[in-house]
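Okay, here's what each chain looks like letter by letter:
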Amino acid sequence: MSVHQMVNHIARVVGRPAVLEDQRHRVVAYSPQSDVIDEVRRMTILQHHAGPAVSSWLRRLGVYSAKESTRVPQNTELGMLPRLLVPIRRAEESIGYLWFIDAPDAMDPDDVARADDFANRLAEEWTRSRSQRELDLVLATEQTRDLLLGTAKARARAAAAIIADGHFPDETEVRALQLSVRAPARLEPDAARELLDRAARRALRTAQLGGALHLHRGDRVVFVVPEPSSPEPSASRPSASGVGATDRAAAVLLDAAHVAFGGAAADGHDGPFRVSIGGSRSSLAAARSSAAEAERADRIADSFALPDPVIAWDRLGIHRGLDQVAAAGLVPADFQAGLDRLSAERDGRMLLDTAEAYLALGGRVQDTAARLNLHRTSLYHRLGRLEKILGIDLQNGVERLGLHLAILLMKVEHTASDRA
């Protein structure tokens, strides 16, 4: 009999609805509700937690340290009817709490004794099932780690084992998504990891990510998901709904992170969460290359200060090429000579920012002037000085391209120096 089945059985035997909570006061299982219900029971079912006010009050009463059945008085302010608390203990340690509404009449001693007896059996089954879940989780984590970080042989073995265990469909394309979090400095690393873990658990309960493989890696979590059979949308071929299944999964991850971190993600951190998406692969054994692309996409987004919270490897375009160029050792001066002369000018930074805006807007003077809050005459003056210092003609497409590539590569250099 499972834990959920035992809770339902206990409720039927004693004739009262029952709720099982773990040590952190999270709902593990509950029986069907009868006519007697209060606000705390309703919120417990809806939110899987009675709420901090209720937990704080019960903690002040000292009921969480009870070693035997304890009656809890009514609290009208919290909307809570009287309760009977039956502690679930194993090896002299509390592992959870079984709650019954003690109304309209108090439970008679025989029913309390039955609940106590069932609590001992429930503790045994709960401990066994938790041990099995923990073992399954450890095994799944090791397999996923081998799949994403192991040698070619280890990846093949892990993929075969995951498919054989029924944790992942066979003969399906896969894709990796990475949720990364730049937590505020005031958050301790352990606290940030706990919140990230909470976000991952929340996302894994959804239809879009249910059953996905996942692996925690510091300040990020990598997910491996089956690729939908229908093609992903593109700029030239959007899906019927306007968004692809992978993008919906990315939206779920972002939402889960925002809910988990809440106010902890504030403190001036605009967009502390990002989901990067690797390319599709034809088999589970090849998931590592998709995960590597997701990680690289995240790094490229940092390098070029890309603002979108969802960065897809397939849609990075020229930024992927520039990242390769930088990795090959090419520098901005290889595309535009004279940048050192520009840097030596007192207003060199301003001129460079002007050029970046002008080039990013395709040389549209009116739009550039509006973005920089300049009169067009002033903009023309700045562009003229830029041409004179660098010895180029911005009307020449090739020379304009060289300057634009140099400016973009400077972003990679600055990001690399910040990391160093």
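This text goes with the structure placed above it.
Rules of the game
Residues numbered from 1 in each chain as written. Predicted model: local features only at pLDDT ≥ 70, side-chain atom pairs only at ≥ 80, totals over all residues. Heavy atoms only, no water. Helix = DSSP H or I, 4+ residues; strand = E, 2+ residues; numbered from the N terminus. Contact = heavy atoms within 4.5 Å. Areas by Shrake-Rupley, 256 points an atom, 1.4 Å probe, with all protein chains shown as cover. Axes fitted to C-alpha atoms, helices over the stretch in contact; angles between N-to-C directions. Parallel < 35°, antiparallel > 145°, perpendicular 65-115°, else oblique. Nonpolar A, V, L, I, M, F, W, Y, C, P; charged D, E, K, R; others polar. Phe/Tyr/Trp six-rings, centres within 6.5 Å; stacked < 30°, edge-to-face > 60°. Buried < 20%, exposed > 50% of the residue type's maximum accessible area, 1.4 Å probe, protein only. Pairing = 2+ DSSP bridges. 1 Å grid on protein atoms, 1.4 Å probe; cavity = no way out; pocket = protein on both sides within 12 Å on 5 of 7 lines; lining within 4 Å. Points joined across faces, edges and corners; volume = space filled by probe spheres on them.

What about the overall build of the protein chain?
And then number 1: Secondary structure assignment for the protein chain yields 14 helices and ten strands.
And then number 2: Excluding contacts between residues fewer than 6 apart, the proportion of contacts in the protein chain whose partners are at least 24 apart in sequence is 61%.
And then number 3: Accessible surface, the protein chain: about 22100 Å² in total, of which carbon and sulfur atoms supply 51%.

Thoughts on the packing of helix α11 (residues 348–360) against helix α13 (residues 376–390)
And then number 1: In the contact formed by α11 and α13, the axes pass within 10 Å of each other and the chain directions differ by 105°. When the axis of α11 is compared with that of α13, the two are roughly perpendicular. Judged by residue contacts, M350, L351, T354, A355 and Y358 of α11 engage L379, R382, L383, R385, L386 and I389 from α13.
And then number 2: Residues belonging to the contact of α11 with α13 are distributed by class as follows: eight nonpolar, one polar and two charged.

Here's the deal with the packing of aromatic side chains
And then number 1: Summed over all chains, the structure comprises two aromatic pairs.
And then number 2: Centroid distance Y64 to Y97: 5.1 Å. Interplanar angle 55°. Geometry classified as tilted. Separated by 33 residues along the polypeptide, Y64 in the loop between α3 (52–61) and β3 (70–72) and Y97 in strand β5 (residues 93–101) bring together distant segments of the chain.
And then number 3: Y64 sits in the buried class, given a relative accessible area of 14%.
And then number 4: Classification of Y97 by relative accessible area gives buried; the value is 5%.

Some words on the sheet that holds strand β10 (residues 310–312)
Sheets are built from strands paired through backbone hydrogen bonds, the pairs being either parallel or antiparallel.
And then number 1: Strand order across the open sheet formed by five strands is β7-β8-β6-β9-β10, with mixed pairing between neighbours. Of all the strands in the sheet, the pair left with one neighbour each is β7 (213–217) and β10. Recorded for the sheet is a direction-independent mean angle of 20° between the axes of neighbouring strands.
And then number 2: Here β7 pairs with strand β8 (residues 220–226) via five bridges, running antiparallel.

Examining empty space enclosed by the protein
The rolling of a water-molecule-sized probe over the atoms marks out the regions of remaining empty space.
And then number 1: Following the criterion strictly, the structure yields one cavity of 30 Å³ or more and no others.
And then number 2: Looking at the largest cavity, it is lined by 19 residues, and the ones nearest its centre are E21, V40, T44, R83 and W99.
And then number 3: Only β1 (18–22), α2 (39–47), α3 and β5 provide two or more residues apiece to the lining of the largest cavity.
And then number 4: Grouping the amino acids of the lining of the largest cavity by side-chain chemistry returns twelve nonpolar, four polar and three charged.

Remarks on the environment of H49
And then number 1: Inspection of the secondary structure puts H49 in the loop between α2 and α3.
And then number 2: By relative accessible area, H49 is classed as partly exposed at 23%.
And then number 3: Spatially, the C-alpha atoms of H49 and E21 are 8.5 Å apart, while their sequence positions differ by 28 residues.
And then number 4: Those residues in contact with H49, other than ones at most four positions away along the chain, are R24, H25, R26, V27, M43, T44 and S55.

Don't take any of this as a statement about function, it's just geometry.
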